[in-house]
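# Fold and contact review
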Amino acid sequence: MLLVVADPVFEDHDAGPRHPERPARHGAVRAGIEAAGLVEARRPLEVAPAPREALLRVHPAHHLDRLASLDAAGGGRCDPDTALGPASWS
């Protein structure tokens, strides 16, 4: 069994053209699953926004607050390697 957590909204996250987290990655993953003959083994999981309480189990509050602020500003750099695009937070 192959668990796949995917939703078209994930393709709206764009951290920049050379960053590994870019919309084209989702198509490459789908193509890899197909090429490996694993389409029938896949078990899709529905996605839903994570409540803040769940996020706080793995991230400090100041980190979440910073991301929310960047989102409110339309996106921006989280650190030298990671950017938050206009649709990344959702």
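The structure we're discussing is the one just above.
Residues numbered from 1 in each chain as written. Predicted model: local features only at pLDDT ≥ 70, side-chain atom pairs only at ≥ 80, totals over all residues. Heavy atoms only, no water.

### Structural notes on the environment of Leu70
Within the secondary structure layout, Leu70 lies in helix 3 (residues 61-72). The contacts of Leu70, once residues within four sequence positions are left out, are Gly75, Gly76, Arg77, Cys78 and Leu84. (Helix = DSSP H or I, 4+ residues; strand = E, 2+ residues; numbered from the N terminus. Contact = heavy atoms within 4.5 Å.)

### Comments concerning the pairing of strand 2 (residues 42-45)
As paired elements, strand 1 (residues 2-5) and strand 2 share four bridges and run parallel to each other. The partner of Leu3 across the bridge, within strand 2, is Arg43. Taken together, strand 1, helix 1 (residues 23-35) and strand 2 constitute a β-α-β crossover, and its handedness is right-handed. (Pairing = 2+ DSSP bridges. Right-handed = clockwise from strand over helix to strand, strands pointing away.)

### Observations regarding the pattern of salt bridges
Counted according to the given criterion, the structure contains two salt bridges. Glu11 is the salt-bridge partner of Arg30, the closest N and O atoms lying 3.0 Å from each other. In this pair, Arg30 sits in helix 1 while Glu11 sits in the loop between strand 1 and helix 1, placing the two residues 19 residues apart along the sequence. The partner of Asp65 in a salt bridge is Arg52, with the nearest N and O atoms 2.9 Å apart. Within this pair, whereas Asp65 is found in helix 3, its partner Arg52 is found in helix 2 (residues 52-55), the two being separated by 13 residues in sequence. (Salt bridge = Lys/Arg side-chain N within 4 Å of Asp/Glu carboxyl O.)

### A word on a nonpolar patch on the surface
A surface patch of nonpolar side chains, about 450 Å² in accessible area, is lined by Met1, Leu3, Val5 and Leu45. Relative to the helices and strands, Val5 resides in strand 1. (Patch = residues over 30% accessible without salt bridge, like charges linked within 9 Å, V, L, I, M, F, W, Y side chains within 5 Å. Areas by Shrake-Rupley, 256 points an atom, 1.4 Å probe, with all protein chains shown as cover.)

### Quick word on helix 3
Since the α-helix packs 3.6 residues into each turn, any two residues three or four apart lie on the same face. Here helix 3 contains 12 residues, and its C-alpha end-to-end distance of 16 Å stays within 8% of the 16 Å for a straight helix at 1.5 Å per residue. Every buried residue belonging to helix 3 is among Leu64, Leu67 and Leu70, and all of these are buried. Projected down its long axis, helix 3 shows its buried positions confined to an angular sector of 125°, all on one face. Residues of helix 3 that are exposed and point more than 90 degrees away from the buried face comprise His62 and Ala72. Buried residues along helix 3 sit in contact with helix 2, strand 3 (76-79) and strand 4 (82-84). A positive phi of about 90° marks Gly74, the residue just after helix 3. (Expected span 1.5 Å × (residues − 1). Buried < 20%, exposed > 50% of the residue type's maximum accessible area, 1.4 Å probe, protein only. Arc of directions from axis to C-beta.)

### Description of the layout of surface pockets
Considered as a void within the structure, the largest pocket measures approximately 1100 Å³ in volume. Together, 38 residues line the largest pocket, and Phe10, His13, His26, Ser88 and Ser90 are the ones closest to its centre. Going through the elements one at a time, strand 1, helix 1, strand 2, helix 3 and strand 4 are the ones with two or more residues in the lining of the largest pocket. For the lining of the largest pocket, the element with the highest residue contribution is helix 1, accounting for six residues. Of the residues assigned to the lining of the largest pocket, the class counts are 23 nonpolar, seven polar and eight charged. (1 Å grid on protein atoms, 1.4 Å probe; cavity = no way out; pocket = protein on both sides within 12 Å on 5 of 7 lines; lining within 4 Å. Points joined across faces, edges and corners; volume = space filled by probe spheres on them. Nonpolar A, V, L, I, M, F, W, Y, C, P; charged D, E, K, R; others polar.)

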